[in-house]
Amino acid sequence: MEFAKILLSALLSYAALFVAAKLIGRKQIAQLDFMDYITGITIGSIAAELATDLENMWKPLVALIIYALLTWVMMLVGLHSPRSRKFLNGTPAIVMQDGRLYRDVMKKAKLDLSELMVMCRQQGYFDLRDIHTAVFEYNGQLTILPVSARRPATPQDMKLHPPQETIAAEVIMDGRILGENLKRMGVDESWLTAQLHLQGVRDAREVYLGLCDANKCLTLYTMKASQCKAE
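Throughout what follows, the structure given in this document is the object of discussion. (Residues numbered from 1 in each chain as written. Predicted model: local features only at pLDDT ≥ 70, side-chain atom pairs only at ≥ 80, totals over all residues. Heavy atoms only, no water.)

### Considering the side chain of Thr133
In step 1: With respect to the helices and strands, Thr133 occurs in strand S3 (residues 131–136).
In step 2: A polar contact is formed between the side chain of Thr133 and the side chain of His132, at a distance of 2.7 Å.
In step 3: Other than its neighbours up to four places away in sequence, Thr133 contacts Ile94, Met96, Gln97, Thr143, Ile144 and Leu145. (Helix = DSSP H or I, 4+ residues; strand = E, 2+ residues; numbered from the N terminus. Polar contact = N/O pair within 3.5 Å; in protein donor to acceptor, adjacent residues only side chain to side chain. Contact = heavy atoms within 4.5 Å.)

### Some remarks on the nonpolar core
In step 1: Val171, Ile172, Leu192, Leu196 and Leu218 are the most contacted members of the largest nonpolar core, which has 15 residues in total.
In step 2: For this core, the secondary structure elements donating two or more residues are strand S5 (169–173), helix H9 (189–198), strand S7 (207–212) and strand S8 (218–222).
In step 3: Other than its neighbours up to four places away in sequence, Val171 contacts Arg176, Ile177, Leu178, Asn181, Leu182, Leu192, Gly210, Leu211, Cys212 and Leu218.
In step 4: In terms of nonpolar packing, the next biggest core, distinct from the first, is built from 13 residues, Met96, Leu116, Ala134 and Phe136 among them. (Core = buried A, V, L, I, M, F, W, Y, C linked by side-chain atoms within 4.5 Å. Buried < 20%, exposed > 50% of the residue type's maximum accessible area, 1.4 Å probe, protein only.)

### Side note on the pattern of salt bridges
In step 1: One pass over the structure, following the stated rule, counts 5 salt bridges.
In step 2: Arg129 serves as the salt-bridge partner of Asp127, at 2.8 Å between the closest nitrogen and oxygen.
In step 3: For Arg129, a relative accessible area of 58% gives the class exposed.
In step 4: For Asp157, the salt bridge goes to Arg151, with nearest N and O atoms at 3.0 Å.
In step 5: A relative accessible area of 41% means that Asp157 is categorised as partly exposed.
In step 6: Here Arg151 falls in the partly exposed class, since its relative accessible area comes to 33%. (Salt bridge = Lys/Arg side-chain N within 4 Å of Asp/Glu carboxyl O.)

### Description of helix H7 (residues 113–122)
In step 1: Among the residues of H7, Leu116, Met119 and Cys120 are the ones counted as buried. Summarising the axial view, the buried residues of H7 lie within an arc of 100 degrees, below the 170-degree limit, and thus occupy one face. Along H7, exposed side chains directed more than 90 degrees from the buried face belong to Ser114 and Gln122.
In step 2: Close packing links the buried residues of H7 with strand S1 (93–97), strand S2 (100–101), helix H6 (103–108), S3 and strand S4 (142–146).
In step 3: The N-terminus of H7 is capped by Asp112, whose side-chain oxygen sits 3.2 Å from the backbone nitrogen of Ser114. (Arc of directions from axis to C-beta.)

### With respect to H9
Because each turn of an α-helix spans 3.6 residues, side chains separated by three or four positions end up pointing in the same direction.
In step 1: Those residues of H9 that sit buried are Trp191, Leu192, Gln195 and Leu196. What you see down the axis of H9 is that its buried residues fit within an arc of 135 degrees, all on one side.
In step 2: Buried residues belonging to H9 abut S5, strand S6 (176–177), helix H8 (179–184), S7 and S8.
In step 3: Structurally, the start of H9 carries an N-cap: the backbone nitrogen of Ser190 is 3.3 Å from a side-chain oxygen of Asp188.
In step 4: Positive phi appears at Gly200, one or two residues downstream of H9, with a value of about 80 degrees.

### A closer look at the sheet that holds S5
In step 1: Strand order in the open sheet formed by 4 strands is S6-S5-S7-S8, and the pairing between neighbours is antiparallel. Strand pairing shows two members of the sheet lacking a second neighbour, S6 and S8, which therefore form its edges.
In step 2: Bridge count for S5 against S7 is 4 bridges, and the pairing is antiparallel. Its bridge partner being in S7, Met173 is matched across the sheet by Leu209. (Pairing = 2+ DSSP bridges.)

### Remarks on the state of the cysteines
In step 1: Applying the stated rule across the entire model yields 0 disulfides.
In step 2: Left unpaired, Cys212 is separated from the closest cysteine sulfur, that of Cys217, by 7.9 Å. (Disulfide = S-S within 2.5 Å.)

### A short note on the sheet that holds S3
In step 1: Here 4 strands make up an open sheet; going across it, the order is S2-S1-S3-S4 and the pairing antiparallel. Either end of the sheet is taken by a strand with one partner, and the two such strands are S2 and S4.
In step 2: Where S3 lies against S4, 5 bridges are found, and the strand directions are antiparallel. Looking at the pairing, Thr133 lines up with Leu145 of S4.
In step 3: Across the face of the sheet, H7 comes into contact with S1, S2, S3 and S4 while running at roughly 65 degrees to S4. (Axes fitted to C-alpha atoms, helices over the stretch in contact; angles between N-to-C directions.)

Have a look at this one:
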């Protein structure tokens, strides 16, 4: 009986957390802002209590649903009211421009010099002279506009017009052929089989990952080549 209660509470917690995450949306995972951070911690704590409280499961369940609904409402308010969004999440802050570091802005944003240097290096800027403008976003990320004379040359600078690249589609994963992706790329299994043979692969089951681009170029990563070698 005790095991059944534990199983039920765990399943109920998992289901409630899944519904809450779907209700809130993927932004909760991909891009935490101030309110998302608070909500994520709180909902996680409530879900843990729901999974372990065998006597009063309904209390944390109700609390989790209330938090999820409140987060959803706040998200809608932020979408339709820029002023509310500024109040809830804050606004971006320019911490550097034209070679000047704005100490007061950094202090207000609670960003110290060490953190700023780390963020710059993470984006490949080891010399602050290469940075024209640095913006500390409301989600804690740093956005950098480089000095035009020091940024890498682009094809447009050189008056070149390369063809637009597209995302390659997975046509084989873990030895399984993905028919929908083959169809989307305008090819079929006969074409795939012929391409496999051209690359010395007898069967799709030997392929760990197969990618097909817009030019119908097939890139293969075989099972054997993808295995880790023992030390």
